[in-house]
Amino acid sequence: MNIPFIKTEKIRFQHIDYAGIVFYPRFLEMLNGLVEDWFAEALDRPFEKMHTTHGIPTVDLKVQFKKPARLGEILTKKLWVINLGGASLLCGFRFEDSEGKTCVEGEVTLVNVAFKENRDDIKAEPFSEEMKGKITPFIMQ
């Protein structure tokens, strides 16, 4: 049985708005951090090495905000693969509070790209068989 990639994050003052809850764009920053950690820790493809010749931009994002998160709370962030295409990944994600209640969830589509002559010349590039092998354990239906 495959499993999600899991990280925790403490809600800090920098994350909240005047109402004392996470300002919604901060959830998207946390998601990007989760994707970056997954690539570095589980796929052995850290952004600082990859982004000189390749990238993994977000091309589609669906988010549902279910419940506010507040200063000091610890969120459990989960990421898994719904579909592995030739050059794309459809991933599901969910952030839960300490009681397991969903704060935010959704889907993000990422595309593996290569920079050709310069950063203006970006083309989708299929994942290598090695990378597909590293991604496969995170596929969940």
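What comes next is a walk through the structure. (Residues numbered from 1 in each chain as written. Predicted model: local features only at pLDDT ≥ 70, side-chain atom pairs only at ≥ 80, totals over all residues. Heavy atoms only, no water.)

With respect to the environment of L89
Turning to step 1, where the next piece is worked out: Along the chain, the position of L89 falls in strand β5 (residues 88-96).
Turning to step 2, where the next piece is worked out: By relative accessible area, which is 0% here, L89 ends up buried.
Turning to step 3, where the next piece is worked out: For the pair L89 and G106, spaced 17 residues apart in sequence, the C-alpha separation works out to 14 Å.
Turning to step 4, where the next piece is worked out: With sequence-adjacent residues up to four places away left out, L89 is seen in contact with W38, F39, V81, N83, L84, V108, T109, L110, F127 and I135. (Helix = DSSP H or I, 4+ residues; strand = E, 2+ residues; numbered from the N terminus. Buried < 20%, exposed > 50% of the residue type's maximum accessible area, 1.4 Å probe, protein only. Contact = heavy atoms within 4.5 Å.)

Topic: the packing of aromatic side chains
Turning to step 1, where the next piece is worked out: In total, this model carries 8 aromatic pairs according to the counting rule given.
Turning to step 2, where the next piece is worked out: Arranged with centres 6.2 Å apart and planes meeting at 55°, the rings of F27 and F95 form a pair that is tilted. Placement of the pair is F27 in helix α1 (residues 24-42) and F95 in strand β5, with a sequence separation of 68 residues. Taken individually, F27 and F95 each receive the classification buried, so the pair is uniform in this respect.
Turning to step 3, where the next piece is worked out: Their ring planes at 65° and their centres at 5.9 Å tell us that F39 and F47 sit as a pair that is edge-to-face. Of the two residues, F39 and F47, neither departs from the other in class, the shared state being buried. (Phe/Tyr/Trp six-rings, centres within 6.5 Å; stacked < 30°, edge-to-face > 60°.)

Focus: the nonpolar core
Side chains of nonpolar character tend, in soluble globular proteins, to be buried together.
Turning to step 1, where the next piece is worked out: The biggest cluster of nonpolar side chains holds 31 residues, and the ones touching the most others in it are F27, W38, F39, L89 and F95.
Turning to step 2, where the next piece is worked out: Contributing elements (two or more residues each) for this core: α1, α2 (47-50), β4 (74-84), β5, β6 (102-111) and α3 (129-135). (Core = buried A, V, L, I, M, F, W, Y, C linked by side-chain atoms within 4.5 Å.)

Digging into the side chain of K78
Turning to step 1, where the next piece is worked out: By the secondary structure assignment, K78 is in strand β4.
Turning to step 2, where the next piece is worked out: Only 3.3 Å separates the side chain of K78 from the side chain of E96, close enough to count as a polar contact.
Turning to step 3, where the next piece is worked out: If near-sequence neighbours (up to four positions away) are discounted, K78 is found in contact with P4, F5, I6, L34, G92, F93, R94 and E96. (Polar contact = N/O pair within 3.5 Å; in protein donor to acceptor, adjacent residues only side chain to side chain.)

A word on the pattern of salt bridges
Turning to step 1, where the next piece is worked out: Taken as a whole and assessed by the stated rule, the structure comprises 14 salt bridges.
Turning to step 2, where the next piece is worked out: Among the salt bridges present, the one from E96 reaches K78, with a minimum N-O distance of 3.3 Å. Of this pair, E96 sits in strand β5 while K78 sits in strand β4, and the two are 18 residues apart along the sequence. Neither E96 nor K78 differs from the other in exposure class; each is buried.
Turning to step 3, where the next piece is worked out: For the salt bridge of E129 with K132, the shortest nitrogen-to-oxygen distance reads 3.7 Å. Placement of both E129 and K132 in helix α3 is noted, with a separation of 3 residues, approximately one turn of the helix.
Turning to step 4, where the next piece is worked out: Taking the relative accessible area as the measure of exposure, K132 reaches 23% and is therefore partly exposed.
Turning to step 5, where the next piece is worked out: Taken together, the salt bridges that share partners define one network made up of K66, K78, R94, E96 and E105. (Salt bridge = Lys/Arg side-chain N within 4 Å of Asp/Glu carboxyl O.)

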